[in-house]
Amino acid sequence: MRSSGLVELDAVLAVARHRGFRTAAIELDMSRSALSHAVAALEAKLGVRLFHRTTRSVSLTQAGEQFVAGVAPALSQIREAMEQAGSHRDTPAGTLRLNTSTGAARQMMEPIILEYLRRYPDMTVDIVTENRLIDIVVDGFDAGFRLAELVPQDMIAVPVGPKLRFAVVGSPVYFENHQQPNTPADLLQHRCIRMRLPSGAIYHWEFERHGEEAAIDVNGPLILDEPHLMLEAARAGVALAYLSEWNVAPDLASGALVRVLEDWTPPFPGLCLYYSGRRHVPAGLRALIDLIRERY
């Protein structure tokens, strides 16, 4: 977009979206100084201040709010027109912005993202990893990767890979001192690694067998929100962990971890790529969708 001559407009919208210059500069791959100059240049042309700036916050002025409300739809249409024109290239080119969780990014990196870059060397993939769910359209992303159950209903979802299963695992050292659980309720007698959700709530481990369901609010000495850290703690024998099979498969194969309650963890719909059906699908995103469907 910067090469289109719309750098000043894009700068103002990014600062308004992020309510600050630091994150906006990262998104636009600009220095904070260059971004500040671009905003100031536009303010000088317009003869009005678009932002209130303090050392702690950035907010739109009344004139800024009116300006952004008027410009954002027009700039979106310009971007879409440019993407449609670019779709006539023989191979996709440009930047594809994706939002996903850290775990999903690890799972997709080798089979999908790296293969995509090998096939389309003129593309740049910009991946932002965060556990909280966002509005990918409002925040300027082309698409996202999430579990199927988390995909908003107004989005188009493309399944990625097979169904997933969770696994309750512990180290052999842990089970030298603790009897293996036979039912989910037995977990209340065990030390477990508790999982904090992006909302801040503590996740209750979910189980199901023959139509019987259970959600256990486990006890334990450690609360984490990142799967790799949970895996490290489980390997060390600190407590039991509840992780996806994809995360623990190598440790189960090597014997570094032992799985329990396997018959209580049925498969469920896995990851999906999702995107808005109300916008033009750029050539770069269409190529990614085609690769996913080819692979899976």
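The structure presented is a predicted model; accordingly, all values stated were derived computationally and were not measured. For every chain, the first residue of the written sequence is number 1, and numbering continues from 1 along that sequence. In keeping with the model being predicted, local features are shown solely for residues with a pLDDT of at least 70 and side-chain atom pairs are shown and tallied solely at 80 or more, while totals for entire chains, interfaces and linings include all residues. As a rule here, side-chain values come from all non-hydrogen atoms in the structure, and water together with hydrogens is ignored.

**Regarding the overall build of the protein**
(1) Moving on: Here a helix means four or more residues in a row that DSSP labels H or I, a strand means two or more in a row labelled E, and each is numbered from the N terminus. On a plain count of helices and strands, the protein comes out with nine helices and 14 strands.
(2) Moving on: Referenced to the eigenvectors of the C-alpha coordinate spread, the extents of the protein come out at roughly 75 × 50 × 30 Å.
(3) Moving on: Within the protein, residue pairs in contact and separated by at least 24 positions form 71% of the contacts whose partners lie at least 6 positions apart.
(4) Moving on: Carbon and sulfur atoms form 51% of the exposed surface of the protein, whose accessible area is close to 15700 Å².
(5) Moving on: Charge assignment: positive for Lys and Arg, negative for Asp and Glu; neither His nor the chain ends contribute. Throughout, a charge is located at the NZ atom of Lys, the CZ atom of Arg, the CG atom of Asp or the CD atom of Glu. Charge separation in the protein, taken as the distance between the mean sites of 30 positive and 35 negative side-chain charges, equals 6 Å. Residues count as neighbours in contact if any of their non-hydrogen atoms are within 4.5 Å of one another. All accessible areas in this document rest on Shrake-Rupley with a 1.4 Å probe, and a residue is counted as covered only by the protein chains that are shown.

**Examining the nonpolar core**
(1) Moving on: Throughout, nonpolar core names a set of buried Ala, Val, Leu, Ile, Met, Phe, Trp, Tyr and Cys residues whose side chains join them through atoms within 4.5 Å. For every residue, the accessible area obtained with a 1.4 Å probe (protein chains only) is divided by the maximum for its type, and the residue is called buried under 20%, exposed over 50%, and partly exposed between those limits. Within the largest apolar cluster, 29 residues are counted, with the highest numbers of intra-cluster contacts made by Val-168, Leu-187, Ile-193, Trp-205, Phe-207 and Leu-240.
(2) Moving on: Sorting the residues of this core by element identifies β7 (166–170), α6 (172–177), β8 (193–195), β9 (205–209), α7 (227–235) and β12 (241–244) as the ones contributing at least two each.
(3) Moving on: The biggest single contributor to this core is α7, with four residues.
(4) Moving on: What Leu-240 contacts, discounting residues up to four positions off in sequence, is Val-168, Val-169, Gly-170, Tyr-174, Phe-175, Leu-187, His-190, Arg-191, Cys-192, Ile-193 and Trp-205.
(5) Moving on: Counting residues in each nonpolar core, the second largest holds 24 residues, with Tyr-116, Met-123, Leu-271 and Leu-285 among its members.

**Side note on the sheet that holds β12**
Hydrogen bonds along the backbone pair up the strands of a sheet, which may run parallel or antiparallel.
(1) Moving on: Two strands are counted as paired when DSSP detects at least two bridges linking them. Read across the open sheet, the three strands follow the order β12-β7-β13; overall the sheet is antiparallel. Two strands close off the open sheet at either side, each with one partner strand: β12 and β13 (258–260). Neighbour to neighbour, the strand axes of the sheet diverge by 50° on average, direction disregarded.
(2) Moving on: Bridge count for β7 against β12 is four bridges, and the pairing is antiparallel. Axis geometry follows a simple rule: fit a line to the C-alpha atoms, using only the stretch in contact for helices, then measure angles between N-to-C directions, giving values from 0 to 180 degrees.

Just distances and angles here, no functional claims.
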